[in-house]
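Chain residues, written in single-letter form:
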Amino acid sequence: MAVKFEKVSDGDYLLDVTGYVCPHPQMYTKKVMGKLESGDVLTLIFDNPSSGESIVAMCDSDGNELLERSDESGTFRWRIRKA
Amino acid sequence: MANDVKTATIDAAGLRNGVWYSHKGNVYALGIVLLVALGSVWALAQDLRWIYLLVYVWFGLGYGIFLQYGRFCMASAVRDLFAVGVPRMAVGMLIAVMLFSLTAALVKVLGVSTFHPHPLGWHIIIGGAIFGFGIVFTGGCATGSLYKSGEGNLGSMLVVLSISFSQAIYVTLGGWLNKLVPASWTQSAVAKDMPAELTVGNGWFDQFTAGYIWDLTGGQLSDQLGFEGLFTGAFFGNALLGAIVPSLLLMIYLYQTAYRKGYQRRFKIETPRLGDHLRGIWSMVTASRTTAIAGLCLGLLAGAHMWATGELREHYGIFNFGEMLVDMGHTAGLSIQDTVFDPGYWYITTQEAQWGAWALDKAGVQMTDNIFFGLENGIPNPLINAPGWMSIGIILGAALLALVRHEFRWKVPSLETAMFAIIGGALMGLGARIALGCNIGAFFATVTNGDLSGWIFLAGMAAGAWVGVKGFNWWMEWRAGDDELAI
């Protein structure tokens, strides 16, 4: 089990922090969002519920748009567009 | 909320695909409810006095439910503020503090408060800092680790184990550590003329307790300010001045430093007026509805818990559960004063230390030749450890809601997470023992009862968490190396 970050296509990235608890998901998300360009989209996969609350707040604070939230069976798959 | 997107969440009640029991989680959740209900009935059928212990279980269950509901972990109050600039949990924590301060004041007016002020000294900020450093790496505070254990997180269970055993070991260590203890502490401790079996002159924690802590004083703001009226002292002194005003000031600080900029940008406010700032603060409070609701409910629940235990003590004419255990014929594991740990309110770390000590005692390690276990808290069998059952209640309550919300998952920690859990948990245990409690016992329970020592603990915890976040960032950078896509 390791954190996975990869470029899927131009402007489309994937960050998988499944299996990690606080503070890993939110800190890795912040770090990755810092690397992306404006308009890039990140697909974020995680399974630590409390991290989701912080990530929503981060998006609100930074102006990033949460395009999609799929929360099934304890695995969260979110898509975030960088402002 | 700006990011109020449509979600593809499975219906929380599990009804989308048929009847409620078609989802296993709901069935298991019902099993937990039945387990607690039947266990309670069985215990009461044995002896009605077990209600004293059951109150801890039931309130623990309630804490667990609301902690899971609001993702309420006080570690993130300081950690996420420094790590990702999110004040969500800090705000939730302050809401809980304000509500608990009001309910605690009411309990004091009713004359059944179980609260005892903490001694004021340097140990609070030092212990708080060590604790705050540890929580960054474990992923949760002591309570947060319990509720996350209820979500199936095995890493959080490791944290609980580490806190339990590390505390038990710390309070019994002597040997070369005796040489680090100031001579004045040793002299003062020995001069207290304690029972010989406690060997107070051997063991750093005994000398710290008897030679330093016992020489300190503490108190509640109502007494320190000389408010003689019970109502004025409890509500104006303890609640308003001791908890609500500091909480509101901290909220303004959080708004100014972590929320205002984003709020003004979202609502395109270029020259904000007072009304804009007030709306901004309200927006910050309501930004995470679940956290705010959890804070409100936990504050109310904590006060009700203190009231219920206080009333039971009045009813049974006891000061400590140990007296009741003796009457019921359970004398094993009590301290030499026939007492056990019995705070009468939300508390976490001491009962975990008792679990660790009980296990070590069963393994043949001498665990009672010290003040912490031998004189004060005892090491009762976990089956009759009332605050221990509150912790188990928290795990069960969180599991119950996580199962219903389809969020329960067994999560096996990676080597890195396990290492952080064990080392961080050991640091949390050390910090909690030095500060005489964790973020619940040394902060939440104190500031809400007019004991300002809790704000000092928070300052220490925040400082430790700030250093911890720097360390965690360094760790991430070190792991990433030079790879552009590595993180």
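All figures in this text were calculated on a predicted structure; none of them were measured in a lab. (Residues numbered from 1 in each chain as written. Chains lettered and ligands numbered in written order. Predicted model: local features only at pLDDT ≥ 70, side-chain atom pairs only at ≥ 80, totals over all residues. Heavy atoms only, no water.)

1. Considering the overall build of chain A
The helix and strand inventory of chain A stands at two helices and five strands. Mapped from its N terminus to its C terminus, chain A presents α and β elements in the order β-β-α-β-α-β-β. With respect to the three principal axes, the spread of C-alpha positions in chain A is 30 × 25 × 20 Å. The proportion of buried residues among the 83 residues of chain A is 63%. (Helix = DSSP H or I, 4+ residues; strand = E, 2+ residues; numbered from the N terminus. Buried < 20%, exposed > 50% of the residue type's maximum accessible area, 1.4 Å probe, protein only.)

2. Re the pairing of strand β3 (residues 41–46) of chain A
All names here are of chain A. The element β3 is extensively covered by neighbouring structure, given that six of its six residues are classed as buried. Residues Val41, Thr43 and Ile45 point to one face of β3 and Leu42, Leu44 and Phe46 to the other, with burial holding for every one of them. Bridge analysis of strand β2 (residues 12–16) against β3 gives five bridges, and the strand direction is parallel. Bridge pairing links Tyr13 to Leu42 in β3. (Pairing = 2+ DSSP bridges.)

3. Topic: the packing of aromatic side chains
Applying the stated rule across the entire model yields 35 aromatic pairs over all chains. Arranged with centres 5.0 Å apart and planes meeting at 15 degrees, the rings of Phe46 of chain A and Phe76 of chain A form a pair that is stacked. On the criterion of sequence distance, the pair formed by Phe46 of chain A in strand β3 and Phe76 of chain A in strand β5 (residues 75–81) is long-range, its members being 30 residues apart. Assessed through its relative accessible area of 6%, Phe76 of chain A is described here as buried. Ring geometry for Phe443 of chain B and Trp455 of chain B: centres 5.5 Å apart, planes at 75 degrees, overall edge-to-face. Taken as a pair, Phe443 of chain B in helix α19 (residues 439–447) and Trp455 of chain B in helix α20 (residues 453–480) lie far apart in primary sequence, twelve residues in all. Taken together through their ring pairs, the aromatic side chains of Phe133, Phe137, Phe420, Phe472, Trp474, Trp475 and Trp478 of chain B make up a single cluster. (Phe/Tyr/Trp six-rings, centres within 6.5 Å; stacked < 30°, edge-to-face > 60°.)

4. A look at the pairing of strand β4 (residues 65–72) of chain A
Within a regular beta strand, the side chains point alternately toward one face of the sheet and then the other, so they alternate between its two faces. All names here are of chain A. Note: β4 against β5, seven bridges, orientation antiparallel. The partner of Asp71 across the bridge, within β5, is Phe76. What sits between the antiparallel neighbours β4 and β5 is a turn of two residues, in which Ser73 has the positive phi angle 50 degrees.

5. Considering the interface of chain B and chain A
Contact with chain B, which involves 50 residues of that partner, is made by 43 residues of chain A. Of the roughly 4000 Å² buried where chain B meets chain A, counting both sides, 56% is carbon and sulfur surface. For the pair chain B and chain A, the interface holds two salt bridges. Its salt-bridge partner being Arg71 of chain B, residue Glu53 of chain A comes within 3.9 Å of it at the nearest N-O pair. (Contact = heavy atoms within 4.5 Å. Buried area = accessible area lost by both parts, 1.4 Å probe. Salt bridge = Lys/Arg side-chain N within 4 Å of Asp/Glu carboxyl O.)

6. Comments concerning the sheet that holds strand β1 (residues 4–9) of chain A
Strands belonging to one sheet form pairs held by backbone hydrogen bonds; the direction of such a pair is parallel or antiparallel. Residue and element names in this part refer to chain A. In spatial order, the strands read β1-β2-β3-β5-β4; together these five strands make up an open sheet with mixed pairing. The sheet terminates laterally at β1 and β4, the two strands that pair on one side only. Direction aside, neighbouring strands of the sheet carry axes that sit 15 degrees apart on average. Inspection of the sheet shows β1 paired to β2 by five bridges, in the antiparallel sense. (Axes fitted to C-alpha atoms, helices over the stretch in contact; angles between N-to-C directions.)

7. Notes on the pattern of salt bridges
This structure, assessed with the given rule, holds twelve salt bridges over all chains. For the salt bridge of Arg81 of chain A with Glu65 of chain A, the shortest nitrogen-to-oxygen distance reads 3.1 Å. Within this pair, whereas Arg81 of chain A is found in strand β5, its partner Glu65 of chain A is found in strand β4, the two being separated by 16 residues in sequence. Residue classification places Arg81 of chain A among the partly exposed residues on the basis of a relative accessible area of 35%. Glu407 of chain B is paired through a salt bridge with Arg71 of chain B; the nearest N and O atoms lie 2.6 Å apart. Taken as a pair, Glu407 of chain B in the loop between α17 (386–404) and α18 (415–435) and Arg71 of chain B in the loop between α2 (51–69) and α3 (75–84) lie far apart in primary sequence, 336 residues in all. When its relative accessible area of 7% is taken as the criterion, Arg71 of chain B is described as buried. Residues participating in the shared-partner salt-bridge network are Glu53 of chain A together with Arg71 and Glu407 of chain B.

8. Concerning the packing of helix α5 (residues 122–138) of chain B against α20 of chain B
Helix packing for two helices is described by the angle between their axes and how far apart those axes are. Residues and elements named next belong to chain B. Running from N to C, α5 and α20 point in directions that differ by 40 degrees, and their axes come no closer than 6 Å. Taken together, the axes of α5 and α20 are oblique relative to one another. Classified by chirality, the crossing of α20 by α5 is right-handed. When α5 is examined against α20, the residues Ile124, Ile125, Gly128, Ala129, Phe131, Gly132, Phe133, Ile135, Val136 and Phe137 are found in contact with a partner set consisting of Ser453, Ile456, Phe457, Gly460, Met461, Gly464, Ala465, Val467, Gly468, Val469, Gly471 and Phe472. Partitioned by chemical class, the residues of the contact of α5 with α20 number 15 nonpolar, seven polar and no charged. (Parallel < 35°, antiparallel > 145°, perpendicular 65-115°, else oblique. Left-handed = near helix turned anticlockwise from the far one by under 90°. Nonpolar A, V, L, I, M, F, W, Y, C, P; charged D, E, K, R; others polar.)

9. Let's talk about the nonpolar core
Leu15 and Leu42 of chain A together with Tyr63, Phe321, Trp346, Phe443 and Phe444 of chain B are the most contacted members of the largest nonpolar core, which has 137 residues in total. The leading source of residues in this core is helix α4 (residues 88–109) of chain B, at twelve residues. Setting aside chain neighbours within four positions, we find Phe444 of chain B in contact with Met74, Ala96, Val97, Phe100, Ala302, Trp346 and Asn439 of chain B. Counting 20 residues, the second-largest nonpolar core is a separate cluster that includes Ala168, Val181, Phe373 and Ile434 of chain B. (Core = buried A, V, L, I, M, F, W, Y, C linked by side-chain atoms within 4.5 Å.)

10. A few points about the environment of Trp455 of chain B
Residues and elements named next belong to chain B. By relative accessible area, Trp455 is classed as buried at 15%. Here the alpha-carbon distance between Trp455 and Phe443, two residues twelve residues apart in the chain, equals 6.6 Å. Contacts of Trp455, omitting those with residues within four sequence positions, involve Leu94, Val97, Gly242, Ala243, Pro246, Ser247, Leu250, Phe443 and Val447. Engagement of the side chain of Trp455 in a polar contact is seen with the backbone oxygen of Gly242, the distance being 2.8 Å. (Polar contact = N/O pair within 3.5 Å; in protein donor to acceptor, adjacent residues only side chain to side chain.)

11. Points about a nonpolar patch on the surface
Residue and element names in this part refer to chain B. A cluster of nonpolar residues, Val19, Trp20, Tyr21, Val27, Leu30, Val33, Leu34 and Leu38, forms a patch on the protein surface that exposes about 740 Å² of accessible area. Mapped onto the secondary structure, Leu34 falls in helix α1 (residues 24–46). The exposure class of Leu34 is partly exposed, given its relative accessible area of 45%. (Patch = residues over 30% accessible without salt bridge, like charges linked within 9 Å, V, L, I, M, F, W, Y side chains within 5 Å. Areas by Shrake-Rupley, 256 points an atom, 1.4 Å probe, with all protein chains shown as cover.)

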